[in-house]
Amino acid sequence: MDRHLYENYLHVLREELVPALGCTEPISVAYTAAYARSVLGAMPERVRVACSGNIVKNVKGVTVPNSGGMKGIEAAAAMGLVAGDYTKELEILDGVTEKDIRRAEELVRSGIIRCELARRVDNLYISVLAGRGEESAEVIVSGKHTRVAGIWKNGRLVWENREEGCAEEKEGGCDKSLLNLEDIFRFAEEVRAEDISEILDRQISCNLSIAEEGLKTHYGVNAGKVILRNFGSDIRHRAVAYAAAGSDARMSGCSMPVVINSGSGNQGMTVSLPVIEYARETGAEKEKLYRALALSNLISIYQKSFIGRLSAYCGAVSAAAGAVSGIAWLDGAGADVIARTITNTICTAGGMVCDGAKPSCASKIAAALEVAMLGYEMAKEGFAFQAGEGLVMGSADDTIKSVGQMAREGMASTDEEILEIMMGSRT
C-alpha cells in the first residue's frame, strides 16, 4: 500500500477514535464554556450560549454525565464552568465532585446562563460568550466537537483558526477524501498490528466496559437487556444487545468513557461492540480483531465523510454497516460480499431520522444492526440491490456517495422540521 495513503489512514483512525465522557454534544458545550471561562480569567456573572439546531437537538434529551441527572444546554454549560479544565477536551467532566454538581445546579437556578438558537451556521456550532463586570470572552467551536474556530476578549479577536476546510474535509493531514472501499480493504489486510493496537485496545476496553455496565444496571429503556431476555443470547443477539446496552448507559448519564467514531459515542459503540463480541465468540486472535475493527471503523468514517458529523440521518445506520462489515471480515468474507452488505444495509435503513440524543438511540442501534445482519445474510447468498433501484448506484462506493448526498442535502429540510417540532414551534 502506498506509504502516504497508509499514514493518512492511520491519521484518520487517530483523529476519530478518541475517548469521550458522555454524549459528545453536551460535552462539547461544557468544553466551550470551560474554555470561555479560562479566557475570561474568572467565573462569569453572565453567560450566553448560542448553538446550531443540531447541537440543541442532541443536548435537549440526554443526561449530562457526572451531573446528578441534569439535562439540557444550561446544565452542560454550567458543568463546564465549574469543571474548568478545558484541556481535558471530551473528558472534561471526569473527576467532578458532588460540590461541583451543587455549584452547577446553583448556576442553572440563578438564571445567569441564557441559551439561544444560532442560525445559518455550521451544523456543529457552539458559541459561549461569558462576562464579568466590564470584561467579556467568547469562544466559538465549529465543525468538530473540540475545534475552536475563534477566541475573542472584550470584543477583540485574539485568535482565529485559519485552516482551510473543516473537520469533514481535511484536518492536520487527516484527509478523508482519500477513503475508498478498495483501499480500506487493503489497509485492513496490510496494517501492522503495532500501528493500531494502542488505539483499538482503548476502544475495546472502554466500549466493552460500558456495554457490560449497561447490561447489569438499569439505564434508560434497557434495550440491551430486553433483547437478551426476549430473543435469546446467541451470538447474533448478543452482538446487537451489547451495542444497545452501551447506548442505554451512555444516553442516561453513565460516567464511563467511550471511544467515539465520527464524533459520536453511539456510533463508536455500534461500530465496535458487535465486532468485539463476535471475535470473542469465535476465538479470533487479537491481531485479527484489530484488522476487523480497523475495517469497520474506516467504513463508518468513510460513509460519514459524505453525510457530515451532525444531520437528520441517524448515524447508527452507517456504523451498523461498518460493524457487520467487520463481522463479515472475521468470517473470511471477500470484498464483494462486504460491498453487497454495505449496499443492502444503507439502502434499507438509510433515512432513519436522528431526532436527538436520548434513550431511544439504543433501540435505533439495535434496529440498524438487525438490518445490517440481514443485509449480510443476503450478500452471502449473492443477493444485493441493483443499480437503478432507488439510491443504488453501480458500485458500493457510488452508493455510499448517493446516500450521503441524500442525507446531507436532501434531509436538510427534515432536520429543520424535526428541530421546529422539538422546540414546540409545530403542534
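Computed from a predicted model, the values in this text were never measured in an experiment.

Definitions and cut-offs
- Residues numbered from 1 in each chain as written.
- Predicted model: local features only at pLDDT ≥ 70, side-chain atom pairs only at ≥ 80, totals over all residues.
- Heavy atoms only, no water.
- Helix = DSSP H or I, 4+ residues; strand = E, 2+ residues; numbered from the N terminus.
- Rg over C-alpha atoms; globule rule 2.2 N^0.38 Å.
- Buried < 20%, exposed > 50% of the residue type's maximum accessible area, 1.4 Å probe, protein only.
- Contact = heavy atoms within 4.5 Å.
- pLDDT = per-residue confidence, 0-100.
- Salt bridge = Lys/Arg side-chain N within 4 Å of Asp/Glu carboxyl O.
- Pairing = 2+ DSSP bridges.
- Axes fitted to C-alpha atoms, helices over the stretch in contact; angles between N-to-C directions.
- Polar contact = N/O pair within 3.5 Å; in protein donor to acceptor, adjacent residues only side chain to side chain.
- Core = buried A, V, L, I, M, F, W, Y, C linked by side-chain atoms within 4.5 Å.
- Phe/Tyr/Trp six-rings, centres within 6.5 Å; stacked < 30°, edge-to-face > 60°.
- Lys NZ or Arg CZ within 6 Å of the ring centre and 35° of its normal.
- Expected span 1.5 Å × (residues − 1).

> What is the right way to look at the overall build of the protein in this model?
In terms of helices and strands, the protein carries 16 helices and 10 strands. Against the 2.2 N^0.38 benchmark of 22 Å for 427 residues, the protein shows a C-alpha radius of gyration of 21 Å, consistent with a compact globule. With respect to the principal axes defined by its C-alpha atoms, the protein has extents near 70 × 50 × 45 Å. Considering the protein as a whole, with its 427 residues, one finds that 59% of them fall into the buried category. Across the protein, every contact between residues at least 6 apart in sequence was considered, and the portion connecting residues at least 24 apart equals 76%.

> What is the right way to look at the confidence of the model for the protein in this model?
Low pLDDT means the predicted atomic positions in that stretch should not be read closely. On average, residues of the protein carry a pLDDT of 94, and 97% of them reach 70 or more. Residue range residues 165-172 is modelled with pLDDT below 50. Its contacts to residues more than four positions away, or to other chains, number 23 contacts.

> Please clarify how the pattern of salt bridges should be interpreted in this entry.
Opposite charge on two side chains lets them pair, provided their charged atoms get close. What the rule picks out here adds up to 29 salt bridges. Between Glu16 and Lys176 there is a salt bridge, with its nearest N and O atoms 3.0 Å apart. One end of the pair, Glu16, is in helix 1 (residues 3-16); the other, Lys176, is in the loop between strand 9 (174-175) and helix 6 (181-190), and 160 residues separate them in sequence. Comparing Glu16 with Lys176, the two get one shared label, buried. For Arg186, the salt bridge goes to Asp183, with nearest N and O atoms at 2.6 Å. With Arg186 and Asp183 both in helix 6, this residue pair falls 3 residues apart, about one helical turn.

> Hey, could you run me through the sheet that holds strand 3 (residues 113-117) in this one?
Sheet strands pair via backbone hydrogen bonds, and the direction of the pair is either parallel or antiparallel. The 6 strands lie next to each other as 3-2-4-5-6-7, forming an open sheet whose pairing is mixed. Sheet topology places strand 3 and strand 7 (156-160) at the edges, where each strand pairs with a single neighbour. Averaged over all pairs of adjacent strands, the angle between strand axes in this sheet comes to 15°, irrespective of strand direction. Sheet topology places strand 2 (residues 46-51) next to strand 3; 5 bridges connect them, and they run parallel. Paired with Arg48 across the bridge in strand 3 is Arg114. Those strands touched by helix 3 (residues 53-60) are strand 2, strand 3 and strand 4 (125-132), and its axis lies near 105° from that of strand 2. Where helix 4 (residues 73-83) meets the sheet, its contacts fall on strand 2 and strand 3, and the angle it forms with strand 3 comes to roughly 130°.

> I tried to follow the environment of Gln405 on my own but got confused; where do I start?
Tracing the backbone shows Gln405 in helix 15 (residues 396-410). The sequence separation of Gln405 and Ile307 amounts to 98 residues, and the corresponding C-alpha distance is 6.7 Å.

> What is the right way to read the side chain of His145 from this model?
Looking at the element boundaries, His145 is found in the loop between strand 5 (135-142) and strand 6 (148-153). Polar contacts involving the side chain of His145 include one to the side chain of Thr24, which spans 3.5 Å. In contact with His145, not counting residues within four places along its chain, are Thr24, Glu25, Ser28, Tyr31, Leu90, Leu124 and Gly263.

> Got a minute to help me understand the nonpolar core in this structure?
Inside soluble globular proteins, nonpolar side chains tend to come together where they are buried. Counting 93 residues, the largest nonpolar core has Phe187 and Ile338 as the members making the most contacts within it. Among the elements that take part in this core, helix 11 (residues 286-307) stands out by supplying 11 residues, more than any other. With 49 residues, the next largest nonpolar core counts Val64, Ala75, Ala104 and Leu310 among its residues.

> Mind showing me how you'd approach the packing of aromatic side chains here?
Any two aromatic rings considered together are summarised by their centre-to-centre distance and by the angle between their planes. Summed over all chains, the structure comprises 6 aromatic pairs. Look at Tyr9 and Phe187: their rings are 5.6 Å apart centre to centre, the planes differ by 55°, and that puts the pair in the tilted class. Highlighted residues: Tyr9 in helix 1 and Phe187 in helix 6, separated in sequence by 178 residues. One exposure class covers both Tyr9 and Phe187, and it is buried. With a centroid separation of 3.8 Å and an interplanar angle of 25°, the aromatic rings of Tyr35 and Tyr86 are classed as stacked. Taken together, the positions of Tyr35 in helix 2 (residues 24-40) and Tyr86 in the loop between helix 4 and helix 5 (98-110) put the pair 51 residues apart, joining distant regions of the chain. An aromatic cluster is defined as three or more aromatic residues linked by ring pairs; in this entry it consists of Tyr6, Tyr9 and Phe187. Lys380 extends its terminal NZ or CZ atom over the ring of Tyr376, reaching a point 4.6 Å from the ring centre.

> So what exactly am I meant to see when it comes to helix 14 (residues 361-380) here?
Because the α-helix completes a turn every 3.6 residues, residues three or four places apart line up on one side. Helix length check: helix 14 (20 residues) gives 29 Å between terminal C-alpha atoms against 28 Å at 1.5 Å per residue, within 8%. At its buried positions, helix 14 is contacted by helix 8 (223-231), helix 9 (235-251), helix 10 (265-282), helix 12 (315-330) and helix 13 (335-346). Residue Gly382 follows helix 14 closely and has a positive phi angle near 90°.

> Looking at this structure, how should I read the pairing of strand 5?
It is a general feature of regular strands that their side chains alternate between the two faces of the sheet. Burial analysis of strand 5 places 7 of its 8 residues in the buried class, the great majority of the element. Hairpin geometry of strand 4 and strand 5 is characterised by an intervening segment of 2 residues between the two adjacent antiparallel strands and by a positive phi of about 60° at Gly133. Bridge count for strand 5 against strand 6 is 5 bridges, and the pairing is antiparallel. Its bridge partner lying in strand 6, Glu138 is registered against Trp152.

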